Amino acid sequence: MILGPNDAVFCPSRIVVAGTSGSGKTTLSARLGSILGIEHIEIDSLFHGPNWTPRATFESEVEEFIARPSWVTEWQYNIVRDRLADRADLFLWLDLPRRTVMRQVMVRTLRRRLGRRELWNGNIEPPLHRILFDRDHIVRWAWNTYRSTTERVQQLSVRRPELTIVRFRSHRDVDAWIAHQLIPVTR
């Protein structure tokens, strides 16, 4: 069941945030974790080891955290994507326009590279000229995989028709949903 930002009202405990690379999945996941008082697990930090190598413990660490009663994370990595969605009670889909995603991923990549900001396990963004030669460069990856999220979400909605999927077309939609539809934890 795919809903718009004005359709769902409840307090979720296991949330997956989907979207193209650079759409804001991690930012939204961290924001929701803070609002709801649940742990945000940044899935990239579990996947990427030193020198951008996949960590051998990735799958077991994902299994460990999805067994917990509450969490929020990003919907990434084919090897665990179904498991994340199967355990989630809310699925949020950042279906932003390509121009928005590309602007965001380019600005983010530039800031990270120029600031030599450490991302996960000692990794930093590669030199900017690599966008020309590396077909897996994050900017090229975002462009080339833009449509695949829609296909995956559509397949998921058929496979798990009971899962609430909220589709956001803009950051304004996200803000409105958080302000008016999400029931935060009372502290």
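Residues numbered from 1 in each chain as written. Predicted model: local features only at pLDDT ≥ 70, side-chain atom pairs only at ≥ 80, totals over all residues. Heavy atoms only, no water.

By the naming in an unreviewed UniProt entry, the protein chain goes by AAA family ATPase and is assigned to Rhodococcus cerastii.

A. Geometry of the environment of Val62. Within the secondary structure, Val62 sits in helix H3 (residues 58-66). In this structure Val62 comes out as buried when scored by relative accessible area, which is 0%. The sequence separation of Val62 and Leu46 amounts to 16 residues, and the corresponding C-alpha distance is 7.8 Å. Those residues within four positions of Val62 in sequence are excluded, and the remaining contacts are Ile43, Leu46, Val80 and Leu84. (Helix = DSSP H or I, 4+ residues; strand = E, 2+ residues; numbered from the N terminus. Buried < 20%, exposed > 50% of the residue type's maximum accessible area, 1.4 Å probe, protein only. Contact = heavy atoms within 4.5 Å.)

B. Looking closely at the nonpolar core. In terms of nonpolar packing, the biggest core is built from 23 residues, with Phe58, Val62, Phe65, Trp75, Leu84 and Phe91 touching the most fellow members. Sorting the residues of this core by element identifies strand E2 (14-19), helix H2 (43-47), H3, helix H4 (78-87), strand E4 (90-94) and helix H7 (148-159) as the ones contributing at least two each. With 19 residues, the next largest nonpolar core counts Leu28, Leu36, Val72 and Ile178 among its residues. (Core = buried A, V, L, I, M, F, W, Y, C linked by side-chain atoms within 4.5 Å.)

C. Structural detail: the side chain of Asn123. Along the chain, Asn123 falls in the loop between helix H5 (98-114) and helix H6 (138-144). Assessed through its relative accessible area of 3%, Asn123 is described here as buried. A distance of 2.8 Å separates the side chain of Asn123 from the backbone oxygen of Gly49, its partner in a polar contact. A distance of 2.9 Å separates a polar atom in the side chain of Asn123 from the backbone nitrogen of Asn51. What Asn123 contacts, discounting residues up to four positions off in sequence, is His48, Gly49, Pro50, Asn51, Trp52, Arg117 and Glu118. (Polar contact = N/O pair within 3.5 Å; in protein donor to acceptor, adjacent residues only side chain to side chain.)

D. Seen up close, the pattern of salt bridges. Tallying each qualifying case throughout the model produces 13 salt bridges. Here Asp95 makes a salt bridge to Arg167, at a shortest N to O gap of 2.7 Å. Here Asp95 is found in the loop between E4 and H5, whereas its partner Arg167 is found in strand E5 (residues 165-168), with 72 residues between them in sequence. Note that Asp95 and Arg169 form a salt bridge whose closest N and O atoms lie 3.5 Å from each other. Of this pair, Asp95 sits in the loop between E4 and H5 while Arg169 sits in the loop between E5 and helix H8 (171-180), placing them 74 residues apart in sequence. Asp95 gets classed as buried once you look at its relative accessible area, which sits at 11%. Salt bridges here are not isolated pairs; linked through shared partners, they connect Glu39, Glu64 and Arg68. (Salt bridge = Lys/Arg side-chain N within 4 Å of Asp/Glu carboxyl O.)

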